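# Examining the three-dimensional arrangement
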Amino acid sequence: MSGERLTASASGALHGTIVVPGDKSMSHRALILGGLAEGVTKIYGLLEGEDVLHTARAVAALGANVERIGPGEWRVEGCEWISPDEPVYFGNSGTGARLLMGAAAGFPISVTFTGDESLSGRPMGRVLGPLREMGAGVEAADGDRLPVTIHGGNLNGLRFVNEKASAQVKSAILFAGLRASGAVEVVEPARSRDHSENMLRAFGVEVESGEVARLGAKRTLSGTEVYVPGDPSSAAFPLVAALIVPGSAVTVTGVMLNPLRTGMFTTLVEMGARLTIANERDFGGERVGDISATFGALRGVTVPAERAPSMIDEYPILAIAAAFAEGRSVMHGLAELRVKESDRLAAIIAGLVACGVEAREEGDSLIIDGLRAPPLGGATIDAHHDHRIAMSFLTLGMASHEPVAVTGAATIATSFPGYAELMRSLGGRVE
Ligand code: S3P
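Computed from a predicted model, the values in this text were never measured in an experiment.

Read across the open sheet, the four strands follow the order 18-19-21-20; overall the sheet is mixed. Two strands in the sheet have a free side with no partner beyond their single neighbour: strand 18 (302-303) and strand 20 (358-362). Contacts from helix 11 (residues 344-354) reach strand 20 and strand 21 (365-369) within the one sheet, and its direction differs from that of strand 20 by about 155°.

For the rest of this paragraph, the subject is the pattern of salt bridges. Tallied over the entire structure, the rule returns 31 salt bridges. With a closest N to O distance of 2.9 Å, D23 and R261 form a salt bridge. Separated by 238 residues along the polypeptide, D23 in the loop between strand 2 (15-18) and helix 1 (24-36) and R261 in the loop between strand 15 (249-256) and helix 9 (263-270) bring together distant segments of the chain. Like R261, D23 is buried. A salt bridge links E73 to K42; its shortest N-O distance comes to 3.8 Å. Taken as a pair, E73 in strand 5 (residues 73-77) and K42 in strand 3 (residues 40-44) lie far apart in primary sequence, 31 residues in all. A relative accessible area of 23% places K42 in the partly exposed class. Salt bridges linked by common partners bring R122, R193, D313, E341, R344, D386 and R388 together as one network.

Moving on: the packing of helix 9 against helix 10 (residues 315-323). One way to put it is that helix 9 packs onto helix 10 with a least axis distance of 11 Å and a crossing angle of 10°. Taken together, the axes of helix 9 and helix 10 lie roughly parallel to each other. Side by side, helix 9 and helix 10 meet where M264, T267 and L268 of the first sit next to I317, L318 and A321 of the second. A per-class count over the contact of helix 9 with helix 10 returns five nonpolar, one polar and no charged.

In this section: the packing of aromatic side chains. Counted by the stated rule, this structure contains five aromatic pairs. Ring geometry for Y227 and F283: centres 5.9 Å apart, planes at 70°, overall edge-to-face. Separated by 56 residues along the polypeptide, Y227 in strand 14 (residues 225-227) and F283 in strand 16 (residues 274-283) bring together distant segments of the chain. Given the relative accessible area of 31%, Y227 is considered partly exposed. You can call F283 partly exposed: its relative accessible area is 33%. Here F416 and Y419 contribute two aromatic rings whose centre-to-centre distance is 5.4 Å and whose plane-to-plane angle is 70°, an arrangement assigned as edge-to-face.

Moving on, we get to helix 10. Three or four residues apart is the spacing at which side chains of an α-helix point the same way, because the helix has 3.6 residues per turn. In terms of burial, helix 10 is a largely internal element, nine of the nine residues being buried. Considered for burial, the residues of helix 10 that qualify are Y315, P316, I317, L318, A319, I320, A321, A322 and A323.

Right, let's talk about the sheet that holds strand 17 (residues 286-294) for a bit. Strand order in the open sheet formed by four strands is 2-15-17-16, and the pairing between neighbours is mixed. Among the strands making up the open sheet, the edge pair consists of strand 2 and strand 16. Strand-to-strand twist across the sheet, computed as the mean angle between neighbouring axes with direction ignored, equals 15°. With four bridges connecting them, strand 2 and strand 15 associate as parallel partners. In the strand pairing of strand 15, G16 is matched with V250.

This part covers the nonpolar core. Soluble globular proteins tend to bury their nonpolar side chains together. If you look at the biggest cluster of nonpolar residues, it comprises 78 residues, and the most contacted ones within it are L268, Y315, L352, F393 and Y419. Looking at this core, the element that brings in the most residues is helix 8 (residues 232-244), giving nine residues. Beyond its immediate sequence surroundings of up to four residues, L352 is in contact with A319, I320, A323, V357, A359, I368, F393 and L396. By size, the runner-up hydrophobic cluster in this structure holds 69 residues, among which are I32, F90, M134 and A176.

Moving on, we get to the side chain of R307. Topologically, R307 is positioned in the loop between strand 18 and helix 10. Looking at R307, its side chain comes within polar contact range of the side chain of E270, at 2.8 Å. Not counting the four nearest positions on each side in its chain, R307 is found in contact with G263, T266, T267, E270 and Y315.

So, on to the domain arrangement of the protein chain. Partitioning the protein chain into domains gives domain 1 (5-22 + 229-430) and domain 2 (24-227). Taken over C-alpha atoms, the centre of domain 1 sits 28 Å from the centre of domain 2. At the junction of the two partners, domain 1 supplies 26 residues and domain 2 supplies 26 residues. Taken over both partners, the interface formed by domain 1 and domain 2 buries close to 2200 Å², and the fraction arising from carbon and sulfur atoms is 52%. Contact with domain 2 buries area across many residues of domain 1, yet L260, H385 and T414 alone supply 24% of it, more than any other trio.

Rules behind the numbers
Once a new chain begins, its residue numbering starts again from 1 and follows that chain's sequence as written. Per-residue local features are limited, in this predicted model, to residues with pLDDT of at least 70; the limit for side-chain atom pairs, both in listing and counting, is 80 or more; totals at the level of whole chains, interfaces and linings are taken over all residues. Side-chain calculation: all heavy atoms of the structure are included, whereas hydrogens and water are not. Strand pairing is assigned whenever DSSP identifies at least 2 bridges connecting the two strands. Segments assigned H or I by DSSP are reported as helices when at least four residues long, segments assigned E as strands when at least two residues long, and all are numbered from the N terminus. The contact definition used throughout considers only heavy atoms, calling two residues in contact when any of these lie within 4.5 Å. Helix axes use the C-alpha atoms of the stretch in contact, all axes being lines fitted to C-alpha atoms, and the angles between their N-to-C directions lie in the range 0 to 180 degrees. Salt-bridge detection follows one rule: a side-chain nitrogen of Lys or Arg within 4 Å of a carboxyl oxygen of Asp or Glu. Throughout this description, buried means an accessible area under 20% of the type-specific maximum (1.4 Å probe, protein chains only), exposed means over 50%, and partly exposed covers the range between. Here the word oblique covers every angle except those under 35 degrees (roughly parallel), over 145 (roughly antiparallel) and from 65 to 115 (roughly perpendicular). Throughout, the ten residues Ala, Val, Leu, Ile, Met, Phe, Trp, Tyr, Cys and Pro are labelled nonpolar, Asp, Glu, Lys and Arg are labelled charged, and all others, Gly among them, are labelled polar. Any two rings among Phe, Tyr and Trp, with Trp reduced to its six-membered ring, count as a pair given centres within 6.5 Å; such a pair is stacked if its planes are under 30 degrees apart, edge-to-face if over 60, and tilted if neither. Nonpolar cores are built from buried Ala, Val, Leu, Ile, Met, Phe, Trp, Tyr and Cys residues. Side-chain atoms within 4.5 Å join them into one set. Contacts described as polar in this section are N or O atom pairs within 3.5 Å, which, within protein, must combine one atom able to donate a hydrogen with one able to accept it, while residues neighboring in sequence count only if both atoms come from side chains. Here the limits of each domain have been adopted from an automatic or database domain assignment. In this description, buried area is defined as the sum, over both parts, of the accessible area (probe of 1.4 Å) that is lost when the two are combined.

Quick look at the structure:
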């Protein structure tokens, strides 16, 4: 990623066919499950972003043999995990840290987890609570924040009824449960992404998914091959750019289309977006397809709270689309956005207002009055250690009157290395 500060300016029409880096959720899981499995796991298409590289280093520190063979191609040989000599550092990655806390808790070892400023402020109690109930020893900073030390081993089963849908919490419990005695079940009010269940099954574990995720009797993992398709959360950035930059037509091929991840595309279609999906196929246990977006008028939309789990990471970029739409957009049920890589609700609103768009919160809802015309832009937005805030406002800058600068843009490398270069290859002015 080119430097800390990136500026996006009004671009000519964006054109081209691209692929985006591998799915972040699946990449973390592939490394962790490979590290737990007996034998060799080969991973193809791994996201080599900072977040996932932290997980790779952590899995190696826990004793697994983790090797990069070539671009996106990794080999992991699992083992009985050991206590690392030093704390494992997760940078910006909530997913990596929380999933690994669960996996490590199953072993009779002690592991200390640390992270950057953003991650150190994020709540870990949501996974530490159930892990304590399973019998793990836990030390944590005030408010169950990092640094966290897990003393694992000898876990009992747990039926955990979560009050909100969270794939991170569900996955941490399932991963801890692999080495627990007794039934392990997670009940959620709405279904969260099921990549952990799908991948556990591919590694030979008996697991049911659905309203209740439940481990079966067979909980040992055997090494396998994992193919990671393109990340729909990353694809959303070039696709929305194509929808709002006049004259654009962009295709992203090989995008993962797991139905628990596609709320953003459903919403864009409701806004009148010219979005088509072609070549739908199964790839490595997940649905994938090629998504094309063509510039055209958008209208405001109301997004129900029930849809949030299937597009939880896409609200920042949806907010940008809403700024260009005709009429009001209202997005409900966004409390979780306050505890992501940044307080995303606050960052979205402050950034939009600085660019001349009317945006406000009401309770846990976000309200944006679309402009029909391109927003003024002309602001400098701080990324707040949040890759998705950075890419969202750069997207706005490609279609606004005045350029938009983003400081702290290096954070984009956590999930989308090569973002600026890829946008430039489509004709985007991101310097
Ligand atoms: C993720 C789950 C989501 C999402 C995060 C990745 C995962 O978080 O926001 O970026 O890979 O399990 P929650 O499970 O906390 O909703």
